[in-house]
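Descriptive structure summary
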Amino acid sequence: MRRFLLLYATQQGQAKAIAEEICEKAFVHGFSADLHCISESDKYDLKTETAPLVVVVSTTGTGDPPDTARKFVKKIQDKALPVDFFAHLRYGLLGLGDSEYTYFCNGGKIIDKRLQELGAQHFYATGHADDCVGLELVVEPWIDGLWAALTKHFTSTRGKEEINGALQIASTASQRMDPVKPELSHIESRVELLRLADSGRRDSEVQEQNAMNRGQSSALIAESEPSLTHSVPPLSQASLNIPALPPEYLQVHLHEFLGQEESRASVTPVDPVFQVPISKAVQLTTDDAIKTTLLVELDISKTDFSYQPGDAFNVICPNSDSEVQHLLQRLRLTDRREHCVVLKIKGDTKKKGAALPQHIPEGRSLQFILTWCLEIRAVPKKAMLRALAEHAAGPDRRRLHELCSRQGAADYGRFVRDAHTGLLDLLLAFPSCQPPLALLLEHLPKLQPRPYSCASSNLSHPGKLHFVFNVVEFLSPTTMEVLRRGVCTGWLATVVASILRPDTQVSPAEGGPAPAPEISISPRTTGFFHLPSDPAAPVIMVGPGTGIAPFIGFLQHREKLQEQHPEGHFGAMWLFFGCRHKERDYFFREELRHFYKRGILTHLKVSFSRDAPVGEEEAPVKYVQDNMWLHSKQVARVLLQESGYIYVCGDAKNMAKDVNDTLVEIISKETGVEKLEAMKTLATLKEEKRYLQDIWS
């Protein structure tokens, strides 16, 4: 069987899942995939690898390769490597990213570019999958095309070997070569492709004929709108190409629990975890604000946790208790929620390289695993929909098949991916679906800790750590009536409810202090969003809404540094802040005024997007980028003449892109160059680490 090396570099499991899918399909198409995480450098050697290489790479942060690829990237970026170091290597690469971020698919692009610089060549064109519109739109056709590309590569390699052998036998072989051979080679290739196509149709796709009544009921459906639970023609009448059923591989047993205490720290064994008390919680917005924003202070004085202003950290959070209970009820496992979950690999599984999920700890109760280990709100992939369909009946089964089919790609995007439909939503929408517990444990990803920016300086608040967040609220995609909260922010709001006070209340409420609740946190390894090492360098900070968080830490830090070094030279600090309403969600107003009066903050520019002009005054500036444009000369001078730094923190989808576009316009206007040249200038600032982003979607 023809072997190829398959590597994945994953941050949250997406790249791994796609690589495993490629591995499963490879066998069906007559190939053998040697699958490894890219960090497992002891299990492969690209320097001596003769087989073709396939790499699946995700992107983390604002454009970094995932943590699992750090050592690999560092190794191949060694400048001492010769330009032909990988000249023998033929590869295909699939990059995963999100176009809401400036450095789209940059993790894959970094590796792709460096492999080529070291002499490696593509046997298959690079794919860039966009999570913003749906990874599957690129992933599925890229995988479909991979088999023909591999077949062509192996056919070409075999042909070269035959030609080389013939040349060695007789020097005149080029004149006497049988003219049928190229045709035979071509025919063999076509037969091979036909064989693969046939096996693909037979094994990896199920041709499901439409069995629906095409009479009056069809006409009624045609008049209605499609939804999560039903389709309209042509999809409702189409024959479907659905994915192969993912092989089952877990055997699950539930044993009566022994009653030992369960620690949430066991969820993230890789990183150090600190359990810290919450010493203060303040509501920064008024009750009539559109969003509720909270500031939480953690007491880290009795831990080894340390941070710099601009750092981020992880909060280890559980799933909603009510959602876990609803899921247990739906699975008919409420009476066994305290039972211990014991997992084994099924002896007869067809899944290649099956392994126990690392994010499910041993000896834990079912309730603990559903609460602390599995992302039960994760948008299910098509493979999971395919598996769920096996445990549904009638119209439910048909609709689940539609949603995972090629023909139903648009409906999947609209009603599942874009609507953020989760497992509980699907089970509510499709009442006949009764999946076994093993299916959930096989398909649900790890519950990820949530990152937050540090909003304080340890110089200003020794032994304390502040962070700020909006309490996320949204409607359920299935009922559109049930109001849900963000997994972490909703939980945090509940945790701090007993000690929460409004921003105007300086001291704790009377009646004695409430007991301090505790949460678990862990450090984040990427620390790039820091103040310049030279305090004389001018700084521009752009942070609307909760994006202001790291800049409060910057300003607190700078204030203490200036107190410690009164004769020192400190550069100007600009802050562009924005919110909806001046009187509702202009948080940190008094603290910012304090910094401004003391000269720590030399320029404070605030915009209010929803406040109407009063009387005959001019319409106020609405957004941070509008204020930047008003001060374009100063912004350009700081960045281009004074070697300053610009930091952007907040929403990636709209704000960060708008700020980036405005910077291009400012550079173009103030330097008199075309936009393309201005974009190159901005790219140079990024390379010099003078344009830094801490953004999220």
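All values derive from a computational prediction rather than experimental measurement. (Residues numbered from 1 in each chain as written. Predicted model: local features only at pLDDT ≥ 70, side-chain atom pairs only at ≥ 80, totals over all residues. Heavy atoms only, no water.)

**Structural notes on the overall build of the protein chain**
A count of helices and strands for the protein chain gives 21 helices and 24 strands. For the protein chain, buried positions account for 48% of its 697 residues. Total accessible area computed for the protein chain in this model is approximately 34,100 Å², and 52% of it derives from carbon and sulfur atoms. (Helix = DSSP H or I, 4+ residues; strand = E, 2+ residues; numbered from the N terminus. Buried < 20%, exposed > 50% of the residue type's maximum accessible area, 1.4 Å probe, protein only. Areas by Shrake-Rupley, 256 points an atom, 1.4 Å probe, with all protein chains shown as cover.)

**A short note on helix α1 (residues 14–28)**
An ideal rise of 1.5 Å per residue puts 21 Å on 15 residues; α1 measures up with 22 Å between its terminal C-alpha atoms. Those residues of α1 that fall on the buried side of the exposure criterion are Ala-15, Ile-18, Ala-19, Ile-22, Cys-23, Glu-24 and Ala-26. (Expected span 1.5 Å × (residues − 1).)

**Digging into the packing of helix α20 (residues 652–671) against helix α21 (residues 675–687)**
Two elements in contact, α20 and α21, have axes separated by 8 Å at closest approach and are oriented at 115°. When the axes of α20 and α21 are compared, the crossing they make is right-handed. Contacts from Asn-660, Leu-663, Val-664, Glu-665, Ile-667 and Ser-668 in α20 reach Lys-675, Ala-678, Met-679, Thr-681, Leu-682 and Lys-686 in α21. For the contact of α20 with α21, the per-class residue count stands at six nonpolar, three polar and three charged. (Axes fitted to C-alpha atoms, helices over the stretch in contact; angles between N-to-C directions. Left-handed = near helix turned anticlockwise from the far one by under 90°. Contact = heavy atoms within 4.5 Å. Nonpolar A, V, L, I, M, F, W, Y, C, P; charged D, E, K, R; others polar.)

**Things to note about the side chain of Arg-690**
Mapped onto the elements, Arg-690 comes out in the loop between α21 and β24 (691–696). Side-chain polar atoms of Arg-690 contact the backbone oxygen of Gly-644, separated by 2.7 Å. In contact with Arg-690, not counting residues within four places along its chain, are Leu-639, Ser-643, Gly-644, Tyr-645, Ile-646 and Leu-685. (Polar contact = N/O pair within 3.5 Å; in protein donor to acceptor, adjacent residues only side chain to side chain.)

**Notes on the pattern of salt bridges**
One pass over the structure, following the stated rule, counts 34 salt bridges. Between Arg-398 and Glu-402 there is a salt bridge, and its shortest N-O distance comes to 2.8 Å. A residue pair is termed a helical-turn pair when its members lie 3 or 4 positions apart in one helix, as Arg-398 and Glu-402 do in helix α11 (residues 394–404) at four residues. Each member of the pair, Arg-398 together with Glu-402, is buried. Put simply, Glu-583 and Arg-589 hold a salt bridge, and the shortest N to O gap is 3.6 Å. In this structure, a network of salt bridges that share partners links the residues Arg-398, Arg-399, Glu-402 and Asp-411. (Salt bridge = Lys/Arg side-chain N within 4 Å of Asp/Glu carboxyl O.)

**Quick notes on the packing of aromatic side chains**
Across all of its chains, the model carries 24 aromatic pairs by this definition. Aromatic side chains Phe-554 and Tyr-647 sit 5.2 Å apart centroid to centroid with 80° between the ring planes, which places their arrangement in the edge-to-face category. You can see Phe-554 sitting in helix α16 (residues 549–564) and its partner Tyr-647 sitting in strand β23 (residues 645–651), a full 93 residues away along the chain. Tyr-647 matches Phe-554 in its accessibility class, with the two residues each being buried. Measuring from ring centre to ring centre gives 6.1 Å for Phe-587 and Phe-588, while their planes differ by 80°; the resulting arrangement is edge-to-face. Both residues of the pair, Phe-587 and Phe-588, belong to the buried class. (Phe/Tyr/Trp six-rings, centres within 6.5 Å; stacked < 30°, edge-to-face > 60°.)

**Some points on the sheet that holds β24**
Pairing is parallel across the open sheet formed by five strands, whose spatial order is β22-β21-β20-β23-β24. Every other strand in the sheet has two partners, leaving β22 (603–608) and β24 as the edge strands with one partner each. Mean inter-strand twist for the sheet, computed between neighbouring axes without regard to direction, equals 10°. Where strand β20 (residues 539–542) and strand β21 (residues 573–579) come together, four bridges link them in parallel fashion. Across the sheet, Ile-540 pairs through a bridge with Trp-574, a residue of β21. α16 contacts β20, β21 and β23 of the sheet and is inclined by roughly 140° relative to β23. Contacts from α20 reach β20, β23 and β24 within the one sheet, and its direction differs from that of β23 by about 155°. (Pairing = 2+ DSSP bridges.)

**Some words on the confidence of the model for the protein chain**
A low pLDDT score tells you not to read the predicted coordinates there in detail. Across the protein chain, the average pLDDT comes to 86, with 85% of residues at 70 or higher. Counting contacts from residues 165–223, a segment whose pLDDT is below 50, to residues more than four positions away or on other chains yields 55 contacts. Low pLDDT, under 50, characterises residues 505–511; the stretch is placed with two contacts to residues that sit more than four places away or in other chains. (pLDDT = per-residue confidence, 0-100.)

**Here's the deal with unusual backbone geometry**
The amide bond that connects Pro-233 to the next residue, Pro-234, takes the cis arrangement and shows omega of 5°. Within the element layout of this structure, Pro-234 appears in the loop between α7 (216–223) and β8 (240–243). Look at Arg-332: it is not a glycine, yet its phi comes out positive at around 60°. As for its position among the elements, Arg-332 is in the loop between α8 (321–330) and β13 (340–345). Unlike most non-glycine residues, Phe-588 shows phi in positive territory, near 65°. Residue position: Phe-588 is located in the loop between β21 and α17 (589–597).

**Topic: the side chain of His-466**
The topology assignment puts His-466 in strand β15 (residues 464–470). On the basis of relative accessibility, which here comes to 4%, the residue His-466 falls in the buried class. Within the local environment of His-466, its side chain forms a polar contact with the side chain of Glu-297, the two groups lying 2.7 Å apart. Setting aside residues up to four positions removed in sequence, His-466 forms contacts with Leu-295, Val-296, Glu-297, Ser-453, Cys-454, Ala-455, Ser-456 and His-461.

**Some words on the environment of Gln-634**
Mapped onto the elements, Gln-634 comes out in helix α19 (residues 632–641). Assessed through its relative accessible area of 26%, Gln-634 is described here as partly exposed. The spacing of Gln-634 and Ile-666 is 32 residues in sequence and 9.9 Å in space, taken between C-alpha atoms.

**Observations concerning the environment of Leu-692**
Here Leu-692 shows up in strand β24. A C-alpha to C-alpha distance of 7.9 Å links Leu-692 and Tyr-645, two positions 47 residues apart in sequence. Setting aside anything within four residues of it in sequence, one finds Leu-692 in contact with Phe-528, Phe-529, Ile-646, Tyr-647 and Val-648.

**A short note on the environment of Gly-108**
Positionally, Gly-108 belongs in helix α3 (residues 106–117). A sequence separation of 14 residues divides Gly-108 from Leu-94, and the C-alpha atoms of the two residues are 7.1 Å apart. Non-local contacts of Gly-108, meaning those with residues more than four positions away in its chain, are made with Val-57, Ser-58, Thr-59 and Leu-93.

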